[in-house]
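Listed below are the residues making up each chain.
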Amino acid sequence: MFEQILLTLPFGDIVHYLSGYTVVLFAFAAMFVILAVISLPEKPVDIVFGTDGYYTKEIPVDLMKFQRFMAIACGIATIGAITTGDVFNFTLFAAFIGILNIGIVAAVKNKHVLDAAFSYGLVVMMATVPLFAGAAIIAATCGTLSIWELAGTGPAPLVARLLILVGVLGEGMAPFYIGKAEITRAPGAPYILMIHVSSLLLFLRVVEILLTV
Amino acid sequence: MIAFLLLLITAVFAGLLLHGLHRKVIARIQSRPGPPVWQEILHTLKFSFKQTWIPRTASQVMYVAIVLIAVGIWVAALWVVWTGASLLILFALYMLHKIIEHGTGLSSGSPYTKFGAIRSVMSAAAELPLLATVAIVYLFWGTLSIGEIAALQIETHTPTILVAFPAAVSLYLIILSKAHYGPFSVIEAKELVSGYWTEHFGGWRALLNIAMGLKTVVLLSAFVLLFIGAVPWWLMIILMVVLMVSVSFICAATPMLTPYQVVTVQTIWTVIVVLYAAVVWLVLYAGGIII
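Cut-offs used in this document
- Residues numbered from 1 in each chain as written.
- Chains lettered and ligands numbered in written order.
- Predicted model: local features only at pLDDT ≥ 70, side-chain atom pairs only at ≥ 80, totals over all residues.
- Heavy atoms only, no water.
- Helix = DSSP H or I, 4+ residues; strand = E, 2+ residues; numbered from the N terminus.
- Rg over C-alpha atoms; globule rule 2.2 N^0.38 Å.
- Buried < 20%, exposed > 50% of the residue type's maximum accessible area, 1.4 Å probe, protein only.
- Contact = heavy atoms within 4.5 Å.
- Areas by Shrake-Rupley, 256 points an atom, 1.4 Å probe, with all protein chains shown as cover.
- Lys, Arg positive; Asp, Glu negative; His and termini not counted.
- Charge placed at Lys NZ, Arg CZ, Asp CG, Glu CD.
- Core = buried A, V, L, I, M, F, W, Y, C linked by side-chain atoms within 4.5 Å.
- 1 Å grid on protein atoms, 1.4 Å probe; cavity = no way out; pocket = protein on both sides within 12 Å on 5 of 7 lines; lining within 4 Å.
- Points joined across faces, edges and corners; volume = space filled by probe spheres on them.
- Nonpolar A, V, L, I, M, F, W, Y, C, P; charged D, E, K, R; others polar.
- Phe/Tyr/Trp six-rings, centres within 6.5 Å; stacked < 30°, edge-to-face > 60°.
- pLDDT = per-residue confidence, 0-100.
- Axes fitted to C-alpha atoms, helices over the stretch in contact; angles between N-to-C directions.
- Parallel < 35°, antiparallel > 145°, perpendicular 65-115°, else oblique.
- Polar contact = N/O pair within 3.5 Å; in protein donor to acceptor, adjacent residues only side chain to side chain.
- Buried area = accessible area lost by both parts, 1.4 Å probe.
- Salt bridge = Lys/Arg side-chain N within 4 Å of Asp/Glu carboxyl O.

Caption draft 1: The arrangement of the overall build of chain B in detail. When its secondary structure is counted, chain B shows twelve helices and zero strands. The N-to-C order of helical and strand elements in chain B reads α-α-α-α-α-α-α-α-α-α-α-α. Rg of the C-alpha trace for chain B: 19 Å, near the compact-globule value of 19 Å for 291 residues, within the 12% margin. Across its three principal axes, chain B shows a C-alpha extent of roughly 60 × 45 × 45 Å. Among the 291 residues that make up chain B, the fraction classed as buried is 58%. Here the analysis covers contacts within chain B between residues at least 6 apart in sequence; of these, 75% occur between residues at least 24 apart. When the accessible surface of chain B is split by element, carbon and sulfur atoms take 75% of a total near 11600 Å². For chain B, the distance from the average site of its 14 positive side-chain charges to the average site of its 8 negative ones is 13 Å.

Caption draft 2: Main features of the nonpolar core. Ranked by internal contacts, the top residues of the largest apolar core, which has 159 residues, are F32, I104 and V105 of chain A together with F91 of chain B. Here this core takes 16 residues from helix α8 (residues 189-212) of chain A, the largest share from any one element. For V105 of chain A, the residues in contact, after removing those within four places along its chain, are V113, L114, A117, I183, A186, I192 and I195 of chain A.

Caption draft 3: Just the environment of I209 of chain A, in detail. Residue and element names in this part refer to chain A. Within the secondary structure, I209 sits in helix α8. Through-space distance from the C-alpha of I209 to that of F90 is 9.4 Å; in sequence the pair is 119 residues apart. The residues contacting I209, other than those within four sequence positions of it, are F90 and I147.

Caption draft 4: Region of the structure containing the environment of A81 of chain A. Residue and element names in this part refer to chain A. The topology assignment puts A81 in helix α2 (residues 61-83). Residue A81 is classed as buried on the basis of its relative accessible area of 1%. Each C-alpha atom of the pair A81 and V168 lies 11 Å from the other, and the pair is 87 residues apart in sequence. Discounting chain neighbours no more than four positions away, the residues touching A81 are F90, F93, I97, L202 and R205.

Caption draft 5: Structural context of empty space enclosed by the protein. Residues and elements named next belong to chain B. If you walk through the whole model with that rule in mind, you get six cavities of 30 Å³ or more. In this structure, the largest cavity occupies an estimated 130 Å³ of space. L87, L90, L130, L171 and L226 are the residues nearest the centre of the largest cavity, which is lined by 14 residues in total. Secondary structure elements with two or more residues in the lining of the largest cavity: α4 (87-107), α6 (127-141) and α10 (202-227). The residue inventory of the lining of the largest cavity, partitioned by class, reads 13 nonpolar, one polar and no charged.

Caption draft 6: Broad picture of the layout of surface pockets. Its volume calculated, the second largest pocket comes out at about 780 Å³. Lining the second largest pocket are 31 residues, with D46, K57, N110 and R185 of chain A together with K114 of chain B sitting closest to its centre. The dominant element in the lining of the second largest pocket, judged by the number of residues it contributes, is helix α5 (residues 111-122) of chain B, at five residues. Across the lining of the second largest pocket, the residue classes break down as 18 nonpolar, five polar and eight charged.

Caption draft 7: Region of interest: the packing of aromatic side chains. Enumeration according to the criterion identifies eleven aromatic pairs over all chains in this entry. Look at Y17 of chain A and W148 of chain A: their rings are 6.0 Å apart centre to centre, the planes differ by 55°, and that puts the pair in the tilted class. In this pair, Y17 of chain A sits in strand β2 (residues 14-19) while W148 of chain A sits in helix α5 (residues 147-152), placing the two residues 131 residues apart along the sequence. The exposure class assigned to Y17 of chain A is buried, which follows from its relative accessible area of 2%. Ring geometry for W79 of chain B and W82 of chain B: centres 5.6 Å apart, planes at 55°, overall tilted. In this pair, W79 of chain B and W82 of chain B are both assigned in helix α3 (residues 60-83), three residues apart and thus about one turn of the helix distant. You can call W79 of chain B partly exposed: its relative accessible area is 37%.

Caption draft 8: Geometry of the confidence of the model for chain A. Of the residues in chain A, 95% have a pLDDT of 70 or more, and the chain-wide mean is 85. Highest mean pLDDT in chain A belongs to α2 of chain A (91); lowest belongs to helix α7 (residues 178-183) of chain A (72).

Caption draft 9: Broad picture of the packing of helix α1 (residues 2-29) of chain B against α10 of chain B. Residues and elements named next belong to chain B. Axis separation between α1 and α10 bottoms out at 7 Å; the angle between their running directions is 90°. Put simply, α1 runs roughly perpendicular to α10. On α10, the residues that touch L8, A11, V12, A14, G15, L16, L18 and H19 of α1 are N209, I210, M212, G213, L214, T216, V217 and L220.

Caption draft 10: Summary view of the side chain of H22 of chain B. Residues and elements named next belong to chain B. Residue position: H22 is located in helix α1. When its relative accessible area of 2% is taken as the criterion, H22 is described as buried. A distance of 2.7 Å separates a polar side-chain atom of H22 from the backbone oxygen of H180. Residues contacting H22, with those up to four places away along its chain left out, are A179, H180, Y181, M244, V247, S248 and C251.

Caption draft 11: Fine view of the interface of chain A and chain B. Contacts between chain A and chain B engage 43 residues on the former and 40 residues on the latter. Buried area between chain A and chain B, summed over both chains or domains, comes out near 3500 Å², and the portion from carbon and sulfur atoms is 81%. For the interface between chain A and chain B, the tally reads zero salt bridges. Taken together, the links from chain A to chain B amount to two residue pairs in polar contact (both at pLDDT 80 or more). Listing elements by their share of the side of chain A that touches chain B, those giving two or more residues are α1 (20-38), β3 (45-47), α6 (158-170), α7 and α8 of chain A. Per element, the largest residue contribution to the side of chain A that touches chain B is twelve residues, and it comes from α8 of chain A. Looking at the side of chain A that touches chain B, its residues break down into 34 nonpolar, five polar and four charged.

Below, the structure written as structure tokens:
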């Protein structure tokens, strides 16, 4: 294993674990899930162009509840991606996070936000192909998807690791993140922030996985 | 623990002094007298005793929590550098700083801060060169322990900056992109008032100033440890000041880029440094040469 292991939870050959590195990511994800649970959204201020006027917008309660539910689900999926000891489960959680990121803004009645979410959704769906292909190649060549076992059996094929990296980048990191920048214009700061939190933590976890397997 | 607390207090004042020096150097290059170097310490003390409240339009819990998380992240990063722990954890903490910029901007409800936050998301390309830097340092030294990397450079008389110069440039660009008044500082550009932290005032601003001071000390000291080695404390201070002054020169002499230009420059450098990392991997591992 790459970092010092603090906790393990074996399920057959799949060993879920927390290392010194992933525990930092886990704490951060848990903190933002709690913040999504207890925070109310902001009241976005919009400037009336051409005047000195401005107005504040109230976020409807039903929209807030929907966004909160999606953000909490996204946070839990992120925690799953951080703690899992299985490459396939990781790719599933990654794909799940991509869908939930769209879900967080899906009910926002703003054409620009929805257009950006649609574009982002296309990239996310395409990114799942290299993501699952990478996991499939690892399973085919190494005979296991357990990160714990892969850590002791020598490196997985470079092409598989690169495919997983490209897949995770497609879930919302540079250079595929540009649609995501636009969807964060949507109101509901504690929930919108989860879009960014989940992508960054997913990327940080995949770095650890790729260095380990 | 007491030693770390003393280091923390020293680092906060050192970081604020470095910010003051940054402003002074920029001012002198631009033929202005500029503020005294201790101005940022005075600012932080002044903000600490200003009236502090939470704007009515803000997401109240998030508005406060994000400030505390900012301080927490950089205190943890200082701990990582101090203990010589894993470079990967330092990388993670730096990446999580992005959430701070984003959260600070989104939580207030102000359009200015929100634009700053969105620009922060767009400039995410700065993080990939940092990952490439981590990878290159690992390829050269075979460890991610900051303490071991720093010690190995002294033992082998081989500073990483000499053998992996592009990696050093990458980390330097990261420091430059996080410096105030720099060419990449689009997230706090003047057309957005102060950008993502415009609406954090009083005690909140004082805490954010402390976090930013810690960030500067952590990044500069990490640069010295990773690319020059474990040097005596007085040399560490000199090197950090030299680095800061060089950053100030660039900030003073370079206009602020547009967000599009920022992303373009970061993306081009990302491609260059990733290609360099691939070449290093091929030469060191495929070719079987290890230092």
